[in-house]
Amino acid sequence: DAKTTQPPSMDCAEGRAANLPCNHSTISGNEYVYWYRQIHSQGPQYIIHGLKNNETNEMASLIITEDRKSSTLILPHATLRDTAVYYCIVRANNAGNMLTFGGGTRLMVKP
Amino acid sequence: SQTIHQWPATLVQPVGSPLSLECTVEGTSNPNLYWYRQAAGRGLQLLFYSVGIGQISSEVPQNLSASRPQDRQFILSSKKLLLSDSGFYLCAFTGAYEQYFGPGTRLTVT
């Protein structure tokens, strides 16, 4: 799986949009971008994934650059409950569904 | 609906004692199952995965082992725990395209 690079930490004001960047410059053509988050002392939770088109669901939006070398996860209106570590993972769907977690970004939403 | 259970939630064990953590999945058949470990302040490390009964693949050499005696049951074991085995152990299974994680077991080896 391609390596990803994320900032170790970010702050966001409650009610504002949180934009979490991820670099994956060595991504292959068949690799998807996945985002998970882990709230303290809980298991990781799937957020969203995409291949090359932008994606949106009830939790977040995923913006993938045209060259696919980077992406941004957007939480449109961050709440205190969104405080968590956010992991960006790239993975081919034929890779046995295994996930390789990096260090992630620790997002702190502040009132 | 699909659910995943892990127990116990917390465990304190002395060095050299055995370990058995259990994970069960409901609402799905023949799932891929995974054991991860997360040391304090660190990311998740894949330990084992299984694509079927009796089929176990190990990602990291260690004094842990895994078994899958039934389709929806995954067990993590050790004969003798080390201090370095302390951590947060997570079981997961694969859905349509994402992984679902259990609530985890926090193991402290003293």
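The structure contained in this document is the topic of the report that follows.

**Some details on the sheet that holds strand β5 (residues 55-56) of chain A**
Residue and element names in this part refer to chain A.
Phase 1: Taken together, four strands build an open sheet; the order of strands is β2-β7-β6-β5 and the sheet is antiparallel. The strands lining the two open edges of the sheet, one partner per strand, are β2 (18-23) and β5.
Phase 2: As paired elements, β2 and strand β7 (residues 70-75) share six bridges and run antiparallel to each other. From the neighbouring strand, Cys-22 faces β7, where its bridge partner is Ser-71.

**Focus: the sheet that holds strand β1 (residues 3-7) of chain B**
Residue and element names in this part refer to chain B.
Phase 1: With antiparallel pairing, the four strands of this open sheet are ordered in space as β1-β3-β8-β7. The strands lining the two open edges of the sheet, one partner per strand, are β1 and β7 (64-70). Averaged over neighbouring strand pairs, the angle between their axes works out to 20 degrees when direction is ignored.

**A closer look at the interface of chain A and chain B**
When the parts come together, some accessible area is lost, and that loss is often what is quoted as the size of the interface.
Phase 1: In this complex, chain A contributes 17 residues to the contact, which on the side of chain B involves 19 residues.
Phase 2: When the two sides are added together, the surface that chain A and chain B hide from each other amounts to roughly 1,400 Å², 57% of it contributed by carbon and sulfur.
Phase 3: The interface formed by chain A and chain B contains zero salt bridges.
Phase 4: Every element with two or more residues in the side of chain A that touches chain B is listed here: β3 (31-38), β4 (45-50) and β8 (84-92) of chain A.
Phase 5: The element that contributes the greatest number of residues to the side of chain A that touches chain B is β3(A), accounting for three residues.
Phase 6: Along the lines of polarity and charge, the residues of the side of chain A that touches chain B split into eight nonpolar, eight polar and one charged.

**Observations regarding the state of the cysteines**
Phase 1: For the structure on display, the rule yields two disulfides over all chains.
Phase 2: With a sulfur-sulfur separation of 2.0 Å, Cys23(B) is cross-linked through a disulfide to Cys91(B). Handedness here is read from the sign of the S-S torsion; for Cys23(B) and Cys91(B), about -75 degrees, the answer is left-handed. With Cys23(B) in strand β3 (residues 19-26) and Cys91(B) in strand β9 (residues 87-94), the pair connects residues that are 68 residues apart, well separated along the chain.
Phase 3: The thiol of Cys12(A) is unpaired, and the distance to the nearest cysteine sulfur, on Cys22(A), comes to 18 Å.

**Here's the deal with the pattern of salt bridges**
Residues and elements named next belong to chain B.
Phase 1: Per the stated rule, a full pass over the model turns up four salt bridges over all chains.
Phase 2: Note that Arg-68 and Asp-71 form a salt bridge whose closest N and O atoms lie 3.3 Å from each other.
Phase 3: Of the residues examined, Arg-68 reaches a relative accessible area of 3% and is grouped as buried.
Phase 4: Since its relative accessible area comes to 21%, Asp-71 is described here as partly exposed.

**Observations regarding the side chain of Ser71(A)**
Residues and elements named next belong to chain A.
Phase 1: As for its position among the elements, Ser-71 is in strand β7.
Phase 2: Relative accessible area serves as the criterion here: at 3%, Ser-71 is assigned to the buried category.
Phase 3: At 3.0 Å, the side chain of Ser-71 forms a polar contact with the side chain of His-24.
Phase 4: Contacts of Ser-71, omitting those with residues within four sequence positions, involve Leu-20, Pro-21, Cys-22, His-24, Val-33, Trp-35, Leu-62, Ile-63, Ile-64 and Cys-88.

**Description of the pairing of strand β2 (residues 10-13) of chain B**
Here is the key point about a regular strand: its side chains alternate between the two faces of the sheet.
Residues and elements named next belong to chain B.
Phase 1: The alternating pattern of β2 places Leu-11 and Gln-13 on a buried face, while none of Thr-10 and Val-12, on the opposite face, is buried.
Phase 2: When β2 meets strand β11 (residues 105-109), the two strands line up parallel, connected through four bridges. By the bridge assignment for β11, Thr-10 is matched with Arg-106.

Cut-offs and rules
- Residues numbered from 1 in each chain as written.
- Chains lettered and ligands numbered in written order.
- Predicted model: local features only at pLDDT ≥ 70, side-chain atom pairs only at ≥ 80, totals over all residues.
- Heavy atoms only, no water.
- Pairing = 2+ DSSP bridges.
- Helix = DSSP H or I, 4+ residues; strand = E, 2+ residues; numbered from the N terminus.
- Axes fitted to C-alpha atoms, helices over the stretch in contact; angles between N-to-C directions.
- Contact = heavy atoms within 4.5 Å.
- Buried area = accessible area lost by both parts, 1.4 Å probe.
- Salt bridge = Lys/Arg side-chain N within 4 Å of Asp/Glu carboxyl O.
- Nonpolar A, V, L, I, M, F, W, Y, C, P; charged D, E, K, R; others polar.
- Disulfide = S-S within 2.5 Å.
- Buried < 20%, exposed > 50% of the residue type's maximum accessible area, 1.4 Å probe, protein only.
- Polar contact = N/O pair within 3.5 Å; in protein donor to acceptor, adjacent residues only side chain to side chain.

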